[in-house]
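Given next are the chains, with one letter for each unit.
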Amino acid sequence: MSLGAQDLCRVTAWSLGLVLLASSPLGAASSYGYAEGFHDGCHSGREAAGSASDGFLKDLNRFGVDRDYTRGWSDGFRQCETEQEREER
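In this text the structure is predicted, and so the values were computed from the model without any measurement. (Residues numbered from 1 in each chain as written. Predicted model: local features only at pLDDT ≥ 70, side-chain atom pairs only at ≥ 80, totals over all residues. Heavy atoms only, no water.)

Some details on helix α2 (residues 32–48)
- Between its first and last C-alpha, α2 extends 24 Å over 17 residues, near the 24 Å set by a 1.5 Å rise per residue.
- Judged by how many residues are buried, α2 sits mostly within the fold: 13 of 17 residues are covered.
- The distance from a side-chain oxygen at the start of α2 to the backbone nitrogen of Gly33 is 3.3 Å, and the residue carrying that oxygen is Ser31.
- Looking one or two residues past α2, Gly50 carries a phi angle of roughly 110°, positive in sign. (Helix = DSSP H or I, 4+ residues; strand = E, 2+ residues; numbered from the N terminus. Expected span 1.5 Å × (residues − 1). Buried < 20%, exposed > 50% of the residue type's maximum accessible area, 1.4 Å probe, protein only. Polar contact = N/O pair within 3.5 Å; in protein donor to acceptor, adjacent residues only side chain to side chain.)

See below:
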């Protein structure tokens with residue numbers, strides 16, 4: 001059984017969620033919604049900074065409604081946009 005691109009992104013977001021839970025000072029307060037938002041925001045931030053291999057991702061049904069997703073998306077966007085800009089220099 002092989003994973004499609006969307007499935008692979010979900011597995012990556014889930015894995016990131018585990019890493020965030022383990023490393024977060026908030027511990028269990030960090031959520032899967034935050035991890036998914038961070039994942040989507042990171043792709044969007046890299047794309048905004050000029051990455052040709054990333055695309056804009058934002059779940060418009062969740063952004064602004066799901067606080068964890070919104071916070072994760074914003075954090076991921078800022079962090080990955082900054083990292084991508086450094087790489088582009």
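Back to the write-up after that little detour.
Things to note about the side chain of Ser31
- Secondary-structure assignment places Ser31 in the loop between α1 (5–23) and α2.
- Separated by 3.1 Å, the side chain of Ser31 and the backbone nitrogen of Tyr34 make a polar contact.

Structural notes on the environment of Tyr32
- Structurally, Tyr32 can be placed in helix α2.
- The exposure class of Tyr32 is partly exposed, given its relative accessible area of 37%.

Thoughts on helix α3 (residues 67–88)
- Under the 1.5 Å per step criterion, the end-to-end length of α3 is 31 Å for 22 residues, consistent within 8% with the ideal 32 Å.
- Against the buried residues of α3 lie α2.
- One side-chain oxygen of the residue at the start of α3 lies 3.0 Å from the amide nitrogen of Asp68, identifying that residue as Asp66. (Contact = heavy atoms within 4.5 Å.)

Points about the confidence of the model for the chain
- Scored by pLDDT, the chain comes out at a mean of 79, with 67% of its residues at no less than 70.
- The least confident element of the chain, judged by mean pLDDT, is α1 at 51; the most confident is α2 at 95.
- Low pLDDT, under 50, characterises residues 20–28; the predicted model gives this stretch 8 contacts beyond four residues in sequence or across chains. (pLDDT = per-residue confidence, 0-100.)

With respect to the packing of aromatic side chains
- This structure, assessed with the given rule, holds 4 aromatic pairs.
- When the ring of Phe56 is compared with that of Trp73, the centres are 6.1 Å apart and the planes differ by 65°; the resulting orientation is edge-to-face. You can see Phe56 sitting in the loop between α2 and α3 and its partner Trp73 sitting in helix α3, a full 17 residues away along the chain.
- With a relative accessible area of 8%, Trp73 lands in the buried category.
- For the ring pair Trp73 and Phe77, a centre distance of 5.1 Å and an interplane angle of 20° mean the geometry is stacked. Of the two residues, Trp73 and Phe77 both sit in helix α3, 4 residues apart, roughly one turn of that helix. As far as the burial class goes, Trp73 and Phe77 line up, both buried.
- Site record: aromatic cluster; members linked through ring pairs are Phe56, Phe63, Trp73 and Phe77.
- The residue whose ring lies beneath Lys58 is Phe63, and the NZ or CZ to ring-centre distance is 4.0 Å.
- Directly above the ring of Trp73 sits Lys58, whose terminal nitrogen or CZ lies 4.2 Å from the centroid. (Phe/Tyr/Trp six-rings, centres within 6.5 Å; stacked < 30°, edge-to-face > 60°. Lys NZ or Arg CZ within 6 Å of the ring centre and 35° of its normal.)

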